[in-house]
Amino acid sequence: MKRFLQLILLSIFVGLLCLWISQKLTEKEHSASGEKIYVYNWGEYIDPSLVKKFQKETGIEVVYETFDSNEAMEAKIRNGGTNYDVAFPSEYTIEKMKKEGLLLPLNHEKIPNIKNLDKDYMNMSFDRDNRYSVPYFFGTVGILYNKNVYPKDNFNSWESLYNPKYENDILLVDGAREVIGLGLNKLGYSLNDKKTQHLAEVEHDLKQISPNIKGVVGDEITMMLEQHEANIAVVWSGIAAPIVQNNSDFDYVVPKEGSNLWFDNMVIPKTAQNKAGAHKFINFMLDAQNSKQNTEWVAYATPNKTARAQLPKNIKDDERFYPSKRTQARLEVYKDLGKDTLSEYNERFLNFKMSLN
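Computed from a predicted structure; not experimentally measured.

Chemist: Which parts of the structure should I look at to understand the environment of Gly59?
Modeler: Mapping Gly59 onto the fold places it in the loop between helix H2 (48-58) and strand S2 (61-67). Look at Gly59 and you get buried, because its relative accessible area is 6%.

This is the structure:
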């Protein structure tokens, strides 16, 4: 009996060992001899199941890391350490990284799904002919408000935020270019203005809005609006879209004076070690079905025309988040301001935040 039990246990052990070996062989097969790509993206900015799908389809392991600002991403790529193969900078950062030689040209022949992108969002001023980048998501900066709380109010102007009736009821995104930008737009200046006298005028003007500001906040902005801690917010359209789509109490407006048209893009850093894998990943993300799935998960506007056509009508035809050409005519893309001017923006933004205390 004891001998019989030993044979059974041995049989089970051998079976489990064979299963383990089989799994390891399968993993080895799917790892394409250990091939990897290093991807550097904003937080919560890709459907995780798509990363798994890419790995399964290509056998390329994805080492995925996130950043919380363009400046942090750029600094890490410049300083080396991790040789990222794909990164996701915004437009003005691409302009800067190009100047500093931190990007590799793309081989469009290896990205056949580039054909799915809407030509309205290609060949932008920060990267003519899309030599170094392809658009990933885009959007605007505008005013999100609770129309049940303010049913008769019109927020189609930045000037509206200065109304004393909104005391302690406005949230602002924690971004120097966005907050200084609304001041520039209100006063009729360019979002890329470098004149010190104009920036000083904006700082002074913004202080008039201070009593209305509940806070300058980050990721908690959605929760605060939904819990009625504030009822108005200056936000990126990507934050506004899921709120508006899931809660009919809210609406989103791009003010008539103008605003920002921003782009986040896929690039290959100069230090990339797997350029072929990087091109495969970019092409995979531009696939119409993958892009549709990613758009539904992230909730930002897609520049992928073929993917957009597959979205529900109430989303793809919503001009609040897919602005018409007439609206786009009054929007500006951020440009690289240069180190000194950017420092001035940041300093004046900090002064404004300190005035709120």
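Chemist: What should I look at first to understand the nonpolar core in this one?
Modeler: Proteins that are soluble and globular tend to have nonpolar side chains buried together. Membership of the largest hydrophobic core comes to 103 residues, with the highest contact counts inside it found for Leu144, Leu161, Ile221, Ile232, Val235, Phe281 and Ile282. Discounting residues that sit within four places of it in the chain, Leu144 has contacts with Leu225, Asn231, Ile232, Ala233, Val235, Ala240, Ile243, Val244, Phe250, Asp251 and Tyr252.

Chemist: How do you make sense of the confidence of the model for the protein when you look at a structure like this?
Modeler: Low-pLDDT portions of the prediction should not be read for the details of their coordinates. The pLDDT averaged across the protein works out to 92; a share of 91% of its residues lies at or above 70. Note on residues 1-5: pLDDT is under 50 here. Beyond four places in sequence and across chains, it has zero contacts. Note on residues 24-32: pLDDT under 50 across the span, and eight contacts to partners over four residues away in sequence or across chains.

Chemist: Can you help me understand the UniProt feature "binding site: spermidine" (unreviewed entry) in the protein in this one?
Modeler: Those residues carrying the UniProt feature "binding site: spermidine" (unreviewed entry) are Glu44 and Tyr92 in this numbering. Here, the largest pocket is lined by Glu44 and Tyr92 out of the annotated residues. With respect to the helices and strands, Glu44 occurs in the loop between strand S1 (36-42) and H2. Here Tyr92 lies in helix H4 (residues 91-99). Overall, the relative accessible area of 15% leaves Tyr92 in the buried class. Ignoring anything within four residues of it in the chain, the contact list for Tyr92 reads Asn70, Glu71, Arg177, Tyr334, Lys335 and Asp336.

Chemist: Mind showing me how you'd approach H4 here?
Modeler: An α-helical turn contains 3.6 residues, so any two residues separated by three or four positions project in the same direction. When H4 is considered as a whole, its buried residues turn out to be Glu91, Tyr92, Thr93, Ile94, Glu95 and Met97. Where H4 is buried, its residues touch helix H3 (70-79), helix H5 (176-186) and strand S9 (259-266).

Chemist: What should I look at first to understand the pattern of salt bridges in this one?
Modeler: Two side chains carrying opposite charge are able to pair once their charged atoms lie near each other. Summed over all chains, the structure comprises 17 salt bridges. Its salt-bridge partner being Glu65, residue Lys76 comes within 3.4 Å of it at the nearest N-O pair. Within this pair, whereas Lys76 is found in helix H3, its partner Glu65 is found in strand S2, the two being separated by eleven residues in sequence. By relative accessible area, which is 24% here, Glu65 ends up partly exposed.

Chemist: Would you explain empty space enclosed by the protein in this entry?
Modeler: It is the rolling of a water-molecule-sized probe over the atoms that shows where space remains empty. Within this structure, the stated rule accounts for three cavities of 30 Å³ or more. Considering only enclosed or pocket space, the largest cavity measures out at about 60 Å³ in volume. Every residue lining the largest cavity is listed: Pro135, Tyr136, Phe137, Met266, Met285, Leu286, Ser291, Asn294, Thr295, Thr302, Pro303 and Asn304. Sorting the residues of the lining of the largest cavity by element identifies strand S4 (134-146), helix H9 (275-286) and helix H10 (288-298) as the ones contributing at least two each. Grouping the constituent residues of the lining of the largest cavity by class yields seven nonpolar, five polar and no charged.

Rules used in this analysis
All residue numbers refer to position in the chain's written sequence, counted from 1. Residues qualify for local features only when their pLDDT is at least 70, as the model is predicted, and side-chain atom pairs are given and counted only at 80 or more; totals for whole chains, interfaces and linings, by contrast, use all residues. Side-chain calculation: all heavy atoms of the structure are included, whereas hydrogens and water are not. Numbering goes from the N terminus for both helices and strands, where a helix is a DSSP run of H or I of at least four residues and a strand is a run of E of at least two. Each residue's exposure class comes from its accessible area (1.4 Å probe, protein chains only) as a fraction of the maximum for that residue type: buried when under 20%, exposed when over 50%, partly exposed otherwise. Throughout this description, the term nonpolar core refers to a set of buried Ala, Val, Leu, Ile, Met, Phe, Trp, Tyr and Cys residues connected via side-chain atoms within 4.5 Å. The contact definition used throughout considers only heavy atoms, calling two residues in contact when any of these lie within 4.5 Å. As a per-residue measure, pLDDT reflects the predictor's confidence and takes values from 0 up to 100. UniProt positions are given in the numbering used here, feature names are shortened, and annotations may be inferred rather than shown by experiment. Points on a 1 Å grid, built from protein atoms alone, make a cavity when a 1.4 Å probe fits but cannot get out and make a pocket when they are open with protein on both sides within 12 Å along at least 5 of 7 lines; residues with an atom within 4 Å of a point are the lining residues. For this document, the term salt bridge refers to a Lys or Arg side-chain nitrogen within 4 Å of an Asp or Glu carboxyl oxygen. Grid points are joined across faces, edges and corners, and a volume is the space filled by probe spheres set on the points. As a working rule, the residues Ala, Val, Leu, Ile, Met, Phe, Trp, Tyr, Cys and Pro are called nonpolar, Asp, Glu, Lys and Arg charged, and the rest polar, with Gly in that last group.

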